[in-house]
Structure formats: C-alpha cells, structure tokens
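Structural characterization, general
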Amino acid sequence: MTTAQQLNTQFGIKDQLSFREDASGLIVADIHNAQATASLCLQGAHLMTWQPKSQAVPVVWLSRDAKLAQGKSIRGGAPVCWPWFGAHATEASFPGHGYARTVPWRVIASGTEPNGATRLTLRLEESDKTRAQWPHASQLDLTVTIGEMLRMELTTENTGTTDFVIGEALHTYLHISDIGAVRVTGLDGCEYWDKVGGSVLKEQAGAISFASETDRVYINTTATCVIEDDKLKRRIHITKSGSLSTVVWTPWIEKANKMGDMGQSDGWREMVCVESVNAIENVVTVAAGTAHSLVVEYHAELM
Ligand code: TA6
C-alpha cells in the first residue's frame, strides 16, 4: 500500500493538501485552502468533513462516534454506495449499499482549480474480493473539489464488452441545528417509496419536515433540494446531475440508538441525509465501452 509519505511526495500540495496515516492505519487526506477545510479517508474515497470558511458550523456531518477501521464504513460524511444501493438483489451476505465504501481506493490525481479550490481524484482498487461480488470489467473514479462549494463526481466506466446495471449513491450526511428545525424543499409533487414499515409508493406534498423516522426514495427526479435550517439561519443547496433518485433519511431515536455510532444520546438530531442516488426504477444501464457520471454540488448560504 502506498504510504502517506509517498502520497505527499506525489500528490501533496504545499499548504493545501497533505496525507497522514490515522491511528487505524488508514490514510486520510487533509485539505485546507482559502475557502474551506475538508478531510477524506482513502478507504472508500470517503469524504468525512467539509466546512467552508464562511460557515461557523460544518456543512457535512461526521458522527462523534465515527470510527475508522479496515473494511468498516464510517458513520457520516459522504459514503459512496456502489455498485448497488440498499440490500443486494439476490445475495443477502453481500454488504448493504455495495462494497465501494469499505475497500481501498488509490489517489490518481490532485490539483488546484483556477478559483483556488482543491481537486482530488481517487480510483477504486479492484481485487478478488470485489470481483467475486461484481464480475464486470469496470473502473470507478471519484473526483472531489473542495472550496466554498463542494463538488463530487462519481464516474463508472464500463471497460468490458457487455452492458451492466448499477445502483449508486452519494449518501451524504448534512450537518443541521436540529432535525425538528429544518425542512427539505424541492421534492413537492415527486413520487417516493416510503421505506418505513415496508415500501409504499406515495406522492410528496410540499416541503419535508421531520417528526419521526423518515426513509424515502424519491424517484424520477432531477430536482435541486434545499435544506432550510431556521435555527442556524442557513440553507444548504444540493444540485445534482446524472441522478434520478433522491433519498431523504433520518433514523430517529430508536434506530439511531441501535446503530451505536450515531453519537451519544442525540447525535442523530444534528444530521439529515439528502442523498443523490440511482436506485429502484432509476438504476443505470452502463453500455459496454461507455461511462456514466453522477455529479453533486453542495453550497451553504446564510439566510
Ligand atoms: O439511505 C438510507 C438508508 O438506506 C437507510 O435505510 C439506512 O440503512 C441508511 O441508509 C444507513 O445505512 P448504513 O448501511 O450506512 O448503516
């Protein structure tokens, strides 16, 4: 495995991008520029934190109990769900949300944008383990651009000779004041699968507010969503392309306590997931020899 020192030599950017080995043995990229700070674990290409300088409170949420461990997902940040979303269609033993977030990725490029933002590109490292779960010739890259805006581009290339179908998500946890003080707008009139207590198709009426466990897969939507936070007096804009599903999720207290890594007592109250997804009716057929990208941009503004 490439060491942090080798990565600093090859991809480090003075006073902007550096790599370090965490106590867990996993490598973390730290980004600090004039516009924002962020951190990303190379395992899973997992963006863990992002805080623009204009924001007194982080925009991407990381659980106080988040643990970095080989082969384990990290609670919070922006997990990459690929090449399926949710449970595997036929193999119950395969990991929920795919394996991409718990396997090694390697850095393939870094740079500074003309506007001063920091760009980092990672590629999933295939192995016998991944091929056993996904026997298709493919390449998966994630490019994150860290500045006053956060841009994430997940690109699947079909390098084989037969088409394949993927489910995917940037399963991003956004930091909010309190789950009872926010609304999510942009999905009015959209159909969604309500996953709480089964899976029932419903239609969204107006803004989404929260008073209990909420787990909804909105389908056939390219809408920009906005998290309106009355207490923090800020809006978080989530603009996507290459994604036809949006998932809105809060575990609420009972599920959160069972998860054990949502942050003692009330950590779950300070997050909401608004995920940019392709799932259920919206899974993507990637034709042989072509590529598909899911792109999301996050921007926080004070009200
Ligand atoms: O995206 C919402 C969801 O599918 C929920 O059903 C819940 O399982 C959540 O993802 C977290 O999943 P994880 O595997 O990260 O614990």
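About the thresholds
Residues numbered from 1 in each chain as written. Predicted model: local features only at pLDDT ≥ 70, side-chain atom pairs only at ≥ 80, totals over all residues. Heavy atoms only, no water. Near = heavy atom within 4 Å. Polar contact = N/O pair within 3.5 Å; in protein donor to acceptor, adjacent residues only side chain to side chain. Areas by Shrake-Rupley, 256 points an atom, 1.4 Å probe, with all protein chains shown as cover. Salt bridge = Lys/Arg side-chain N within 4 Å of Asp/Glu carboxyl O. Core = buried A, V, L, I, M, F, W, Y, C linked by side-chain atoms within 4.5 Å. Buried < 20%, exposed > 50% of the residue type's maximum accessible area, 1.4 Å probe, protein only. Helix = DSSP H or I, 4+ residues; strand = E, 2+ residues; numbered from the N terminus. Contact = heavy atoms within 4.5 Å. Pairing = 2+ DSSP bridges.

1. Overview of the site of the ligand
All residues adjacent to the ligand are Arg-75, Phe-85, His-97, Arg-101, His-171, Lys-195, Asp-215, Val-247, Trp-249, Met-259 and Glu-275. Side-chain polar atom of His-97 to an oxygen atom of the ligand: 3.0 Å apart, as the coordinates give it. Between Arg-101 and the ligand, the recorded distance is 2.8 Å, taken from a side-chain N or O atom to an oxygen atom. Within the complex, the protein chains bury 77% of what would otherwise be the 390 Å² of accessible surface of the ligand.

2. Details of the pattern of salt bridges
Within this structure, the stated rule accounts for 19 salt bridges. One salt bridge connects Asp-194 with Lys-202, and the closest N-O pair in it is separated by 2.7 Å. Each of Arg-64, Asp-266 and Glu-270 takes part in salt bridges that share partners, so that together they form one network.

3. Section: the nonpolar core
Formed by 84 residues in total, the largest nonpolar core has its most connected members in Phe-19, Leu-47, Trp-50, Trp-105 and Ile-227. In terms of residue count, strand β20 (residues 271–278) provides more of this core than any other element does, 5 residues in total. Every residue in contact with Ile-227, bar those within four places of it in the chain, is listed here: Leu-174, Ile-176, Val-182, Arg-183, Val-184, Arg-234, Arg-235, Ile-236, Ile-238, Val-272 and Val-274. Membership of the second largest hydrophobic core comes to 5 residues, among which are Val-28, Cys-41, Met-48 and Ile-74.

4. Examining the pairing of strand β9 (residues 149–158)
The two faces of β9 differ: Leu-150, Met-152, Leu-154, Thr-156 and Asn-158 on one face are buried, but Met-149, Arg-151, Glu-153, Thr-155 and Glu-157 on the other face are not. Where strand β8 (residues 138–146) and β9 come together, 9 bridges link them in antiparallel fashion. Residue pairing across strands places Val-144 opposite Met-152, the latter belonging to β9. The turn linking β8 back onto β9 is made up of 2 residues. In terms of strand pairing, β9 meets strand β22 (residues 291–302) through 9 bridges, oriented antiparallel. Paired with Arg-151 across the two strands is Glu-297, which belongs to β22.

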